[in-house]
Structures are given as C-alpha cells and as structure tokens.
Amino acid sequence: MTIAKLVHELNEDIRDREIRLIGEQGEQLGIMSAAEALKIADEQGLDLVKISPQAVPPVCKLMNYGKYRFEQSKREKEARKNQHVVEIKEIRMSPGIDVGDFNTKLKNAQKFIADGNRVKVSVRFRGREMAHTDIGRDLLERFAAQCAETANLDKPAKLEGRMMSIFLSPKPSK
C-alpha cells in the first residue's frame with residue numbers, strides 16, 4: 001500500500017470565497033477572502049498554503065513553502081536512513097559437524113541475530129546420512145538451545161527433501 005504524496009494548493013491556486021487564515025507562528029488571523037489572505041502573504045514575503053481543504057471554511061497558512069518542502073524531504077531522508085530491512089541469513093551444517101565448526105557457526109548466527117536478522121539453520125543429509133535424521137534434529141535443537149537467550153525458535157525442525165531446517169528470529173528488545 002502506497003501513501004499518496006500530499007500536494008498543497010499554493011497562492012493563486014486557492015480559489016475559495018473565504019478561508020480561515022493562520023499566521024506563520026500558528027496564530028489565528030481569522031476568516032477572510034482568499035484575495036485578502038494572498039495580499040497579506042505578499043506583504044510578508046510568504047506563501048499562502050492550503051493545509052486543510054476539507055474544513056469549512058478551508059484552512060490556509062502563511063509559510064515559506066520552499067523551506068517547508070526542504071525540511072520535509074530532509075525528515076524523509078532521515079527516516080529512510082534509520083529503517084532496517086530484516087534479512088534471512090542461512091547457516092548450513094552437516095550431521096557430522098565437529099565442536100569447533102559448530103561453535104564458529106553458532107557465533108555467526110548470534111552475530112546475525114544481534115544485527116536484527118532472522119536466521120535459517122539447516123542440516124544437509126547426503127547418502128546414507130538420510131537414515132540418521134535424528135542426529136540432525138538433535139544438532140538443530142542443540143543449536144536453538146545455545147541461541148535461546150537472544151533468539152526465539154520460529155519453526156521447529158522440519159525435514160524437506162534432504163534438508164532439515166529451523167528458523168530463529170531475534171527476541172523483541174524491551
């Protein structure tokens with residue numbers, strides 16, 4: 001769903017018979033004709049901007065519109081800079097993984113979770129390893145238990161073809 005950009009009516013575009021005028025500092029200047037309000041705006045070197053078209057009478061404000069638009073775009077840029085896209089990082093292991101490798105993968109997963117990303121941990125079974133899927137399940141459960149203080153287990157271990165995987169997501173910070 002996209003939010004429509006707000007387009008304001010400016011100066012001569014405002015054709016209403018009467019409007020409620022608000023000053024630059026937010027003070028009420030009363031109800032007057034659009035022509036009078038435009039004259040006041042010109043005298044002060046400001047723009048007349050319709051901010052509430054559905055009100056009766058419509059509400060207009062005196063402001064420096066160029067500066068207003070600049071400030072608005074600056075705020076939007078700042079908001080975009082601060083948002084974080086959650087990615088799904090994948091960590092793959094085999095059932096015969098050794099302690100050192102397991103710990104390395106665990107550290108990587110904890111780093112991904114600390115960065116706010118979801119982690120898919122999967123075990124790939126090759127050949128005769130398919131007969132021992134319980135080893136893979138234990139491995140994944142041990143992995144989830146090690147990450148328990150920073151992450152929640154989204155989906156329990158599930159076998160899909162030759163891969164068994166779990167999903168971990170960061171715990172919401174308080």
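Just above, that's the structure.
Reading the values: rules and limits
- Residues numbered from 1 in each chain as written.
- Predicted model: local features only at pLDDT ≥ 70, side-chain atom pairs only at ≥ 80, totals over all residues.
- Heavy atoms only, no water.
- Helix = DSSP H or I, 4+ residues; strand = E, 2+ residues; numbered from the N terminus.
- Rg over C-alpha atoms; globule rule 2.2 N^0.38 Å.
- Contact = heavy atoms within 4.5 Å.
- Buried < 20%, exposed > 50% of the residue type's maximum accessible area, 1.4 Å probe, protein only.
- Expected span 1.5 Å × (residues − 1).
- Arc of directions from axis to C-beta.
- Pairing = 2+ DSSP bridges.
- Axes fitted to C-alpha atoms, helices over the stretch in contact; angles between N-to-C directions.
- Right-handed = clockwise from strand over helix to strand, strands pointing away.
- Salt bridge = Lys/Arg side-chain N within 4 Å of Asp/Glu carboxyl O.
- Phe/Tyr/Trp six-rings, centres within 6.5 Å; stacked < 30°, edge-to-face > 60°.
- Lys NZ or Arg CZ within 6 Å of the ring centre and 35° of its normal.

A. Quick look at the overall build of the chain. For the chain, the count of helices and strands is four helices and nine strands. Starting at the N terminus, the α and β elements of the chain follow one another as β-β-β-α-β-β-α-β-α-β-α-β-β. The C-alpha radius of gyration computed for the chain amounts to 30 Å, which surpasses the reference 16 Å derived for 174 residues by more than 25%, pointing to a less compact arrangement than a globule. In terms of overall dimensions, the chain has a C-alpha envelope of 85 × 25 × 25 Å along the principal axes. Considering only intrachain contacts with a sequence separation of at least 6, the fraction spanning at least 24 residues in the chain is 56%.

B. Spatial organisation of the environment of T104. By secondary structure assignment, the location of T104 is in helix α3 (residues 99–114). According to the relative accessible area criterion, T104 is partly exposed, its value standing at 46%. When the C-alpha atoms of T104 and D16 are compared, they prove to be 69 Å apart, with 88 residues separating the residues in sequence.

C. Spotlight on helix α4 (residues 133–146). Between the first and last C-alpha of α4 there are 20 Å, a value that for 14 residues agrees with the 20 Å anticipated at 1.5 Å per step. What α4 keeps buried is the set T133, G136, L139, L140, F143 and A144. One face of α4 carries all of its buried residues, which in axial projection span an arc of 135°. Where α4 is buried, its residues touch β6 (88–93), α3, β7 (118–124), β8 (151–160) and β9 (163–170).

D. Spotlight on the sheet that holds β9. The four strands are arranged β6-β7-β9-β8 in an open sheet whose pairing can be described as mixed. With partners counted over all chains shown, the strands left at the sheet margins are β6 and β8, one partner each. With strand direction ignored, the average angle separating the axes of adjacent strands in the sheet is 20°. On the sheet, α3 packs against β6, β7, β8 and β9 and is oriented at approximately 175° with respect to β6.

E. Broad picture of the pairing of β6. Sheet topology note: the β6/β7 ladder contains six bridges and is parallel. Each residue of the ladder has a partner; that of E90, found in β7, is K120. After leaving β6, the chain enters α3 and then returns to the sheet as β7, a path that is right-handed.

F. How the structure looks around the pattern of salt bridges. Counted by the stated rule, this structure contains seven salt bridges. Taking the shortest distance from any N to any O, the salt bridge between E87 and K89 comes out at 3.7 Å. Residue E87 is classed as partly exposed on the basis of its relative accessible area, which comes to 43%. Among the ionic pairs, K158 bridges to E160, the shortest N-O distance being 3.7 Å.

G. The packing of aromatic side chains, seen in detail. Considering all chains together, one arrives at two aromatic pairs under this definition. Judged by centre distance (5.6 Å) and plane angle (90°), the ring pair of F102 and F143 falls under edge-to-face. Of the two residues, F102 is situated in helix α3 and F143 in helix α4; the sequence distance between them amounts to 41 residues. Just as F102 is buried, F143 falls in that class too. Just above the ring of F102 sits the side chain of R142; from NZ or CZ to the centre is 4.3 Å.

H. Examining the environment of Q72 more closely. Tracing the backbone through its elements, the reader meets Q72 in helix α2 (residues 65–82). Among the residues examined, Q72 registers a relative accessible area of 23% and is labelled partly exposed. Separated by 49 residues in sequence, Q72 and G23 have C-alpha atoms that sit 19 Å apart.

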